[in-house]
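Per-entry structural report
Now for the letters of each chain:
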Amino acid sequence: MKKNPIGAILVLIAAVVAALGVFLPFYKVDALGQELTVSLINADGVNIFGVIILVFLGLTLIFALAGVKVAELIFGIITALLMFLGYFLNNAALKEYEAYSEYIDKGIGNTLCLVGAILVLVTSIIYIATTKSAKKDA
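1. A few points about the overall build of the protein
Check the secondary structure of the protein and you find 4 helices and 3 strands. Along the chain direction, N to C, the helices and strands of the protein fall in the order α-β-β-α-α-β-α. When the 138 residues of the protein are sorted by exposure, 38% land in the buried category. When contacts within the protein are restricted to residue pairs at least 6 apart in sequence, those whose partners lie at least 24 apart make up 72%. With the model as given, the accessible surface of the protein reaches about 8100 Å², and the carbon-plus-sulfur share is 70%.

Set out below in structure tokens:
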């Protein structure tokens, strides 16, 4: 195991962007004097899907900081897939209500989730590609 500080910093930046995407609103519904904001972490209380994404995101970051290449890549891929799934599921839910589009505003969390998923995936690959293995003495 050899640590890669630059790769770990890239993973940290990707993790921050991805975490912001989980917390910020995906969309806001404002109708009949009522306002509803939906994000991956808060949809009618605490959404377990957002918590799972944050746990896998944290594990990705921990393994990057610890210098464990394979585990970091595996958790990075799982995190990215979960974020892509959350992005597409939320957008599919919005398509059902296209007739009411004047009441629905997309939030920045929607975009940050997609960008965060791509960044986590790319930085995980960059991390594993740029981290050198420790040489074993015979």
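2. What about the pairing of strand β2 (residues 34-38)?
Side-chain positions along a regular strand alternate between the two faces of the sheet. In this sheet, β2 lies alongside strand β1 (residues 27-31) in antiparallel orientation, the contact comprising 5 bridges. Bridging across to β2, Y27 finds its partner in V38. Remark: 2 residues form the turn of the hairpin made by β1 and β2, two consecutive strands paired antiparallel; L32 in that turn has positive phi of roughly 55 degrees.

3. Overview of the nonpolar core
Formed by 27 residues in total, the largest nonpolar core has its most connected members in V22, Y27, L40, I53, L57, M83 and C113. Put simply, the parts of the chain that give this core at least two residues each are α1 (5-23), α2 (48-66), α3 (69-95) and α4 (108-130). Residues contacting M83, with those up to four places away along its chain left out, are A18, V22, I53, C113, G116 and A117.

4. Regarding a nonpolar patch on the surface
A cluster of nonpolar side chains, I6, I9, L10, I13, I118, V122 and I126, forms an exposed patch at the surface whose accessible area comes to about 590 Å². Elements with a minimum of two residues in the nonpolar patch: α1 and α4. With 4 residues, α1 is the single largest residue contributor to the nonpolar patch. On the basis of relative accessibility, which here comes to 62%, the residue I6 falls in the exposed class.

5. Regarding the packing of α1 against α2
Two measures define how a pair of helices packs: the angle their axes make with one another and the distance between the axes. Running from amino to carboxyl end, α1 crosses α2 at an angle of 170 degrees, the nearest separation of the two axes being 9 Å. Classified by the interaxial angle, the pair formed by α1 and α2 is roughly antiparallel. Together, A8, V11, L12, A15, A18, A19, V22 and F23 of α1 and G50, I53, L54, L57, T60, L61, A64 and L65 of α2 make up the contact between the two elements. Along the lines of polarity and charge, the residues of the contact of α1 with α2 split into 14 nonpolar, 2 polar and no charged.

Calculation rules
- Residues numbered from 1 in each chain as written.
- Predicted model: local features only at pLDDT ≥ 70, side-chain atom pairs only at ≥ 80, totals over all residues.
- Heavy atoms only, no water.
- Helix = DSSP H or I, 4+ residues; strand = E, 2+ residues; numbered from the N terminus.
- Buried < 20%, exposed > 50% of the residue type's maximum accessible area, 1.4 Å probe, protein only.
- Contact = heavy atoms within 4.5 Å.
- Areas by Shrake-Rupley, 256 points an atom, 1.4 Å probe, with all protein chains shown as cover.
- Pairing = 2+ DSSP bridges.
- Core = buried A, V, L, I, M, F, W, Y, C linked by side-chain atoms within 4.5 Å.
- Patch = residues over 30% accessible without salt bridge, like charges linked within 9 Å, V, L, I, M, F, W, Y side chains within 5 Å.
- Salt bridge = Lys/Arg side-chain N within 4 Å of Asp/Glu carboxyl O.
- Axes fitted to C-alpha atoms, helices over the stretch in contact; angles between N-to-C directions.
- Parallel < 35°, antiparallel > 145°, perpendicular 65-115°, else oblique.
- Nonpolar A, V, L, I, M, F, W, Y, C, P; charged D, E, K, R; others polar.

These results come straight from atomic positions and should not be treated as a statement about function.
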